[in-house]
Amino acid sequence: MTTPQAAERPFEDDRPSDHSGRRPGRLLRVSDLTPQELSGVLALAAEMKADPLGWQHSCRGAALGCIFEKPSTRTRVSLTVAAYRLGMTTVPLDTREMQLGHGETWADTARVLSTYLDAITLRTFEHRTVQELADTATVPVVNALSNDHHPCQSLADLLALTEHFGRTQGLRAAFVGDARSNTCTSFLEACAAAGMHLTIASPPGYEMAPDVLAGARRTMEHTGGSVTFTPEPHDAVRDTDAVYAEVWVPMDRPDEEEDRRRRFADYRVDTALLDRAGPDAVALHCLPANRGEEITSEVLDGPHSLAWRQAANRLPTAQSVLHTLLNTSR
Ligand code: CP
């Protein structure tokens with residue numbers, strides 16, 4: 001995680017430090033973790049899943065501020081329960097009831113909240129908002145989803161794959177949907193760190209951001225992973241171990257609903273598509289699902305679905321992230 005111990009960090013760390021000179025950890029995107037740090041967070045999550053209350057005194061007395069500007073079921077509840085299992089209290093914050101609604105900046109808000117709270121989690125729209133919060137906060141910040149990144153989801157995805165296959169290194173996965181989506185971006189960064197081979201099937205016009213792709217490929221040079229692209233879902237899934245279905249119309253694009261339903265109509269993960277993957281391939285979905293749209297109920301509820309395990313793993317991975325960030329920053 002982005003802590004002073006992250007010696008291999010390739011860029012200058014200009015974040016504010018507290019009076020002790022330590023810098024707060026952050027998880028704004030998966031690539032905030034080195035592959036080694038990611039592996040450590042997942043290993044701890046597995047331990048926490050086996051012994052959920054084994055760390056209940058580790059962050060006793062600490063407070064997590066929870067700001068959700070978009071709806072959330074999994075992320076909100078998993079972070080709240082994770083904090084509780086670490087002995088923390090949570091402080092739900094509504095931006096409409098804060099001075100943010102009257103023009104106070106995220107930076108000034110972060111500076112003040114850092115004197116009350118021990119960590120902050122934010123679900124928001126523009127990624128630069130959570131970036132601004134984290135750049136000024138002197139406590140750890142966790143991105144609970146922005147338009148560009150969804151790191152908490154990808155950690156749960158990797159834990160589910162690890163549990164199912166016993167490894168992630170060398171696994172072959174296909175992502176079927178919008179390559180620019182936060183889920184795809186974070187899953188790519190996760191695959192890069194884990195040394196996985198990812199093929200992304202996206203319609204023309206929904207290509208991955210070049211800087212994200214370049215960063216992932218740099219990581220893959222060290223981990224042995226790879227990423228390729230095709231507009232054809234049937235080509236993407238061939239001989240893969242896992243097929244990831246993605247919603248066609250994300251929360252931040254309601255105005256594009258009609259256009260996206262038309263463009264993504266061939267990007268549905270159904271039994272016929274999953275049958276073209278490997279015989280033991282699993283289906284992934286971050287949920288909530290639009291049944292019959294990007295994924296059929298037959299696949300989602302079928303024997304090859306890992307979606308429910310992905311969702312369950314949001315809790316131990318959130319617990320591991322909070323524990324790691326607080327104990328490397330405090
Ligand atoms: N997958 C996910 O982030 O779910 P929520 O939107 O319910 O938090």
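What counts, and where the lines are drawn
- Residues numbered from 1 in each chain as written.
- Predicted model: local features only at pLDDT ≥ 70, side-chain atom pairs only at ≥ 80, totals over all residues.
- Heavy atoms only, no water.
- Axes fitted to C-alpha atoms, helices over the stretch in contact; angles between N-to-C directions.
- Helix = DSSP H or I, 4+ residues; strand = E, 2+ residues; numbered from the N terminus.
- Parallel < 35°, antiparallel > 145°, perpendicular 65-115°, else oblique.
- Left-handed = near helix turned anticlockwise from the far one by under 90°.
- Contact = heavy atoms within 4.5 Å.
- Nonpolar A, V, L, I, M, F, W, Y, C, P; charged D, E, K, R; others polar.
- Phe/Tyr/Trp six-rings, centres within 6.5 Å; stacked < 30°, edge-to-face > 60°.
- Buried < 20%, exposed > 50% of the residue type's maximum accessible area, 1.4 Å probe, protein only.

Colleague: Can you walk me through the packing of helix α3 (residues 106-113) against helix α4 (residues 127-136) in this structure?
Modeller: Relative orientation and spacing of two packed helices are given, respectively, by the angle between their axes and the distance between those axes. Between α3 and α4, the shortest axis-to-axis distance is 8 Å and the interhelical angle comes to 45 degrees. As far as their axial angle goes, α4 and α3 are oblique. When the axes of α3 and α4 are compared, the crossing they make is right-handed. Contacts between α3 and α4 pair W106, A107, A110 and R111 from the former with T129, E132, L133 and T136 from the latter. Split into classes, the residues belonging to the contact of α3 with α4 amount to four nonpolar, two polar and two charged.

Colleague: Even after reading the chapter, I still don't get the packing of helix α5 (residues 151-165) against helix α6 (residues 182-194), so can you show me in this structure?
Modeller: Here α5 crosses α6 at 50 degrees, and the two axes come no closer than 9 Å. Between α5 and α6, the angle is such that the two are oblique. You can see that α5 and α6 cross each other, and the crossing is right-handed. Facing α5, whose interface residues are P151, S154, D157, L158 and L161, α6 presents T183, S186, F187, A190 and A194. Looking at side-chain class alone, the contact of α5 with α6 contains six nonpolar, three polar and one charged residues.

Colleague: Explain the packing of aromatic side chains to me, please; I cannot follow it from the model alone.
Modeller: Here a ring pair, both rings aromatic, is described through the centre-centre distance and the interplanar angle of the planes. Under the counting rule described, the total for this entry stands at five aromatic pairs. A centroid spacing of 6.5 Å and a plane angle of 35 degrees characterise the contact between F175 and F187, whose relative ring orientation is tilted. Taken as a pair, F175 in strand β6 (residues 172-176) and F187 in helix α6 lie far apart in primary sequence, twelve residues in all. For F175, a relative accessible area of 0% corresponds to the buried category. Looking at F187, the relative accessible area reads 0%, which means it is buried.

Scope: geometric values only; no functional claims are made or implied.
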